[in-house]
Amino acid sequence: YVETPKLQRLPPQQRDEILRVLRFAETLGAETATLSGLVISEEILSFAKDRNVTKIVLGKPSRRGLKRWLLGSMVDVLIAEAHNINIYLLGSPVNLELKQIKSGAKNKSFRFNYPKAETIKKRWLGLGWAFGTTACSTLVSWLMTGRFELANIVMVYLLGVVFVAARFGREASILTSVLSVLAFDFFFVTPVNTFSVADAQYLVTFVIMLLVGIVISHLTSNMRAQTKVAAHRERRAKVLYALSEELAVSRTFIDAAKVSVRHIQAEFGGTNVLLFPAEGGRIIYPLDTPLPESLKGCDLGVAQWVFDHNQIAGQGTDTLPGADAVYFPMTGYRGVIGVLALRAANLRRVFLPEQRRLLDTFINQIVQTIERVRLSDDAQQSQMRIESESLRNSLLSAISHDLRTPLASIVGAASTLVDKDAQLSQTDRQELGFTIYDEALRMSNLTNNILDMARLDAGKAQLNRQWYPLDEIIGGALARLKRKLQGRVVNTKLPEGLCLVRLDAVLIEQVLINLLENACKYTPTGTPIDISAERSVHTLKVSVADEGQGIPAGEEEKLFDKFYRLDREGSQSGVGLGLSICKAIVIAHGGLIGANNRTEGGAEFYFVLPMDEALPELEAEDHQDG
């Protein structure tokens, strides 16, 4: 369907007939397209080239004889210019086809209300302006009489024709052209005040003046029609862009549905609702709170039929025309995903070819967004399942590996005590008892780490913030690791006058213990460990440094991931949760944690806590002591 300026001026009934043909073609499985242009043949050829069309089927030209020779025919133009395209002409009389369409258009479901009174009013207004503009042009020309030639007076009348054509269209402008010729002859051509012409050359002037006026009327009318078409297309592009822009940022199914309902109501009027199937494919009404633009209550039976058959139905269609709304299937690449129920204020806003094309584009945009949201949800769920499975496998692998070693030691020591108790000395028994105790404590720590990590991840850990001196927390951590730190020198460097800090002492002590255990585990025996603290105005930084091999480049952040270990196949035990627990505790305090390599060799692990609260009186005492 090519919208030319001429087709824009067709009565609404004939436009609906064109719509009926397009919809009938769609029911037969055809793809329809609506184009806009000045010349039908040019638009068809351009469309055919873009789509690599090889065959064009046309009806025989309705123009015959001299009329066809003078005015031309679209069929002749296509045959002459459609290179490498086969043209097929059908012999069915055009008039018979139009009669059949007109007889079908009498169906009740296609009776739309057209603003006839408004159209008649605009027509009479244009005719009134035609007489008024001619009168004004005559008055101006009369004032110019005697001072200007008649050729200049003709220009005044042509200016009036242009004005009427630009404002009121072809019909009024042609009438203005005729009236201008008559007024020019009556008032300014001798003999004056008669329609007689003394000089025959003025007859040529009258004919040329009338033809120029008609041509100007035609061109100006076409310009108005093209401007109107361009304005409609610009508006459609704007509403499509607005819809696409809002749908692009929709992240949930409900957000996309609300955006869609609001834009459809703004463009097509009335109320509407998006209906989607529940379990088993049964269409249900949305359960969330409806918007003011939502259609509250619709025929779910009609919607179910549309969903099952993938066909439009309801008001204004041949299927279930008694329904109080129009139901459109929403088809995606997986098939029909839902139904749009639209109760339009005016069916012409829905069923005009360009509006129907716009609504189809709306539906396609909505379907793509809904499918994108669903695919995103599916991908997120799949990613969560993959991550959960990976964590489960890592946890099982680490636990099975790290529980097997202490269990083997416990079983070995216990079996020795049972089988060879009489042969063992008191020292051997005590050593075996310490072995069982250490390995059981190791298993207990492993279990506690796993439970702590689960509790921190679930957000169930409650911070017990109290005022504590930092040196006592460090001392408590060193005391608990007294056996593991035997043979090592631990250097502590704390700033003088360090005031109390408000934190959860138990959890921060656990952070220090995990960092110290990590330093003992990955550094040679006997190497020193340095603990330092630095305080600024708003933060407190605590560091644990060693003199080991350091951290490989690019691994600094990965160290704090769950179940991550630098040497997965090494002899060091652990499931890789110690540093992850440290990170969770520090983050719970509103701080940050990190690691880097020291310039003199070794690794440094540090955490920074906010110092937004302090005891003023203790700070004053520290200042006086200093």
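Only a predicted model underlies this, so the values are computations on that prediction, with no experimental measurement involved.

Section: the overall build of the protein chain
Next, step 1: Secondary structure summary: the protein chain contains 19 helices and 16 strands in total.
Next, step 2: The 626 residues of the protein chain split such that 38% are buried.
Next, step 3: Look at the contacts in the protein chain between residues 6 or more apart in sequence, and 66% of them connect residues 24 or more apart.

Quick word on the pattern of salt bridges
Next, step 1: According to the stated counting rule, one finds ten salt bridges in the structure shown.
Next, step 2: Where R343 meets D324, a salt bridge forms, and the shortest distance between an N and an O atom there is 2.6 Å. Taken together, the positions of R343 in strand β9 (residues 335-343) and D324 in the loop between β7 (313-314) and β8 (326-332) put the pair 19 residues apart, joining distant regions of the chain.
Next, step 3: On the accessibility criterion, R343 (29% relative accessible area) is partly exposed.
Next, step 4: Connected through salt bridges with shared partners, the residues D530, R598 and E600 form a single ionic network.

Let's talk about the sheet that holds strand β6 (residues 283-284)
Next, step 1: Taking strand neighbours across the sheet as the criterion, the five strands line up as β6-β5-β9-β8-β7 in an open arrangement whose pairing is antiparallel. Edge positions in the sheet fall to β6 and β7, since each has one partner strand and no second.
Next, step 2: Across the sheet, helix α11 (residues 253-268) is in contact with β5 (271-277) and β9; its angle to β5 comes to roughly 145 degrees.
Next, step 3: Lying on the sheet, helix α12 (residues 300-309) is in contact with β5, β6, β7, β8 and β9; it crosses β9 at an angle near 145 degrees.

Looking at the packing of helix α8 (residues 150-168) against helix α9 (residues 170-188)
Angle between the axes and distance between the axes: these two values describe a pair of packed helices.
Next, step 1: α9 packs onto α8 with a crossing angle of 160 degrees between their chain directions and a minimal axis gap of 8 Å. Taken together, the axes of α8 and α9 are roughly antiparallel relative to one another. Judged by the sense of rotation from one axis to the other, the crossing of α8 with α9 is right-handed. Residues L150, I153, V154, Y157, G160, V161, V164, A165 and F168 of α8 lie in contact with α9, whose contacting residues are R170, A172, S173, T176, S177, S180, A183, F184 and F188.
Next, step 2: Across the contact of α8 with α9, the residue classes break down as twelve nonpolar, five polar and one charged.

Re the packing of aromatic side chains
Next, step 1: The final tally for this structure, using the stated rule, is five aromatic pairs.
Next, step 2: On the basis of an interplanar angle of 80 degrees and a centroid distance of 4.9 Å, the ring pair of F186 and F187 is categorised as edge-to-face.
Next, step 3: Residue class for F186 comes out partly exposed when judged on its relative accessible area of 25%.
Next, step 4: Its relative accessible area of 40% is what places F187 among the partly exposed residues.
Next, step 5: Look at F253 and F276: their rings are 4.7 Å apart centre to centre, the planes differ by 70 degrees, and that puts the pair in the edge-to-face class. Highlighted residues: F253 in helix α11 and F276 in strand β5, separated in sequence by 23 residues.
Next, step 6: With a relative accessible area of 29%, F253 lands in the partly exposed category.

Brief notes about a nonpolar patch on the surface
Next, step 1: Taken together, the side chains of I174, V178, L182, F195 and I214 define a hydrophobic patch exposed on the protein surface, amounting to about 390 Å² of accessible area.
Next, step 2: Of the residues forming the nonpolar patch, the biggest block, three residues, is contributed by α9.
Next, step 3: Mapped onto the elements, V178 comes out in helix α9.

Some points on helix α17 (residues 505-521)
Next, step 1: Spanning 17 residues, α17 covers 24 Å between terminal C-alpha atoms, matching the ideal 24 Å at 1.5 Å per step.
Next, step 2: A large share of α17 lies buried, amounting to 14 of its 17 residues.
Next, step 3: The N-cap of α17, judged by a side-chain oxygen 3.2 Å from the amide nitrogen of V506 a few residues on, is D504.

As for the side chain of T317
Next, step 1: The residue T317 is located in the loop between β7 and β8 in this model.
Next, step 2: In terms of polar contacts, T317 uses its side chain to reach the backbone carbonyl oxygen of G314, at 2.6 Å.
Next, step 3: Within the structure, the side chain of T317 is placed 2.9 Å from the backbone oxygen of T319, a separation counted as a polar contact.

Focus: unusual backbone geometry
Next, step 1: Despite not being glycine, N84 shows a phi value in the positive range, around 60 degrees.
Next, step 2: We classify N84 as exposed; its relative accessible area is 78%.
Next, step 3: Positive phi, close to 55 degrees, is recorded for N310, a residue that is not glycine.
Next, step 4: Assignment of secondary structure puts N310 in the loop between α12 and β7.
Next, step 5: Given the relative accessible area of 38%, N310 is considered partly exposed.

As for the nonpolar core
Most often, soluble globular proteins have nonpolar side chains that are buried together.
Next, step 1: In this structure, L512, L515, L540, F605 and F607 are the most contacted members of the largest nonpolar core, which totals 43 residues.
Next, step 2: For this core, the elements supplying multiple residues, two or more each, are α16 (470-480), β12 (501-503), α17, β13 (529-535), β14 (539-546), α18 (578-588), β15 (592-597) and β16 (603-610).
Next, step 3: A per-element tally of this core places α17 first, with ten residues.
Next, step 4: Discounting residues that sit within four places of it in the chain, L540 has contacts with L470, L498, V501, A533, E534, R535, F607, V608, L609 and M611.

A closer look at the confidence of the model for the protein chain
Next, step 1: Looking at the protein chain, the pLDDT average stands at 79 and 83% of residues meet or exceed 70.
Next, step 2: Overall, residues 94-115 carries pLDDT values under 50, and its contacts beyond four positions in sequence, including any with other chains, amount to 28 contacts.
Next, step 3: Overall, residues 613-626 carries pLDDT values under 50, and its contacts beyond four positions in sequence, including any with other chains, amount to 14 contacts.

With respect to the sheet that holds β14
Next, step 1: One open sheet holds the five strands; their spatial order is β11-β13-β14-β16-β15, and the pairing between them is mixed. Each having just a single partner strand, β11 (490-493) and β15 make up the two edges of the open sheet. Across the sheet, the mean angle from the axis of one strand to that of its neighbour is 15 degrees, orientation sign disregarded.
Next, step 2: Inspection of the sheet shows β13 paired to β14 by seven bridges, in the antiparallel sense. In the sheet register, S532 faces β14, and the bridge partner there is S543.
Next, step 3: Its contacts with the sheet put α16 on β11, β13 and β14, and the angle it makes with β13 is roughly 160 degrees.

Digging into the side chain of N514
Next, step 1: The topology assignment puts N514 in helix α17.
Next, step 2: Overall, the relative accessible area of 6% leaves N514 in the buried class.
Next, step 3: Not counting residues up to four positions away in its chain, the partners in contact with N514 are G578, I581 and C582.

Quick word on α12
Next, step 1: All buried positions along α12 are accounted for by V302, A303, Q304, V306 and F307.
Next, step 2: Where the residues of α12 are buried, they touch β5, β6, β7, β8 and β9.
Next, step 3: N310 occupies a position one or two residues after α12 and carries a positive phi of about 55 degrees.

Rules used throughout
- Residues numbered from 1 in each chain as written.
- Predicted model: local features only at pLDDT ≥ 70, side-chain atom pairs only at ≥ 80, totals over all residues.
- Heavy atoms only, no water.
- Helix = DSSP H or I, 4+ residues; strand = E, 2+ residues; numbered from the N terminus.
- Buried < 20%, exposed > 50% of the residue type's maximum accessible area, 1.4 Å probe, protein only.
- Contact = heavy atoms within 4.5 Å.
- Salt bridge = Lys/Arg side-chain N within 4 Å of Asp/Glu carboxyl O.
- Pairing = 2+ DSSP bridges.
- Axes fitted to C-alpha atoms, helices over the stretch in contact; angles between N-to-C directions.
- Parallel < 35°, antiparallel > 145°, perpendicular 65-115°, else oblique.
- Left-handed = near helix turned anticlockwise from the far one by under 90°.
- Nonpolar A, V, L, I, M, F, W, Y, C, P; charged D, E, K, R; others polar.
- Phe/Tyr/Trp six-rings, centres within 6.5 Å; stacked < 30°, edge-to-face > 60°.
- Patch = residues over 30% accessible without salt bridge, like charges linked within 9 Å, V, L, I, M, F, W, Y side chains within 5 Å.
- Areas by Shrake-Rupley, 256 points an atom, 1.4 Å probe, with all protein chains shown as cover.
- Expected span 1.5 Å × (residues − 1).
- Polar contact = N/O pair within 3.5 Å; in protein donor to acceptor, adjacent residues only side chain to side chain.
- Core = buried A, V, L, I, M, F, W, Y, C linked by side-chain atoms within 4.5 Å.
- pLDDT = per-residue confidence, 0-100.

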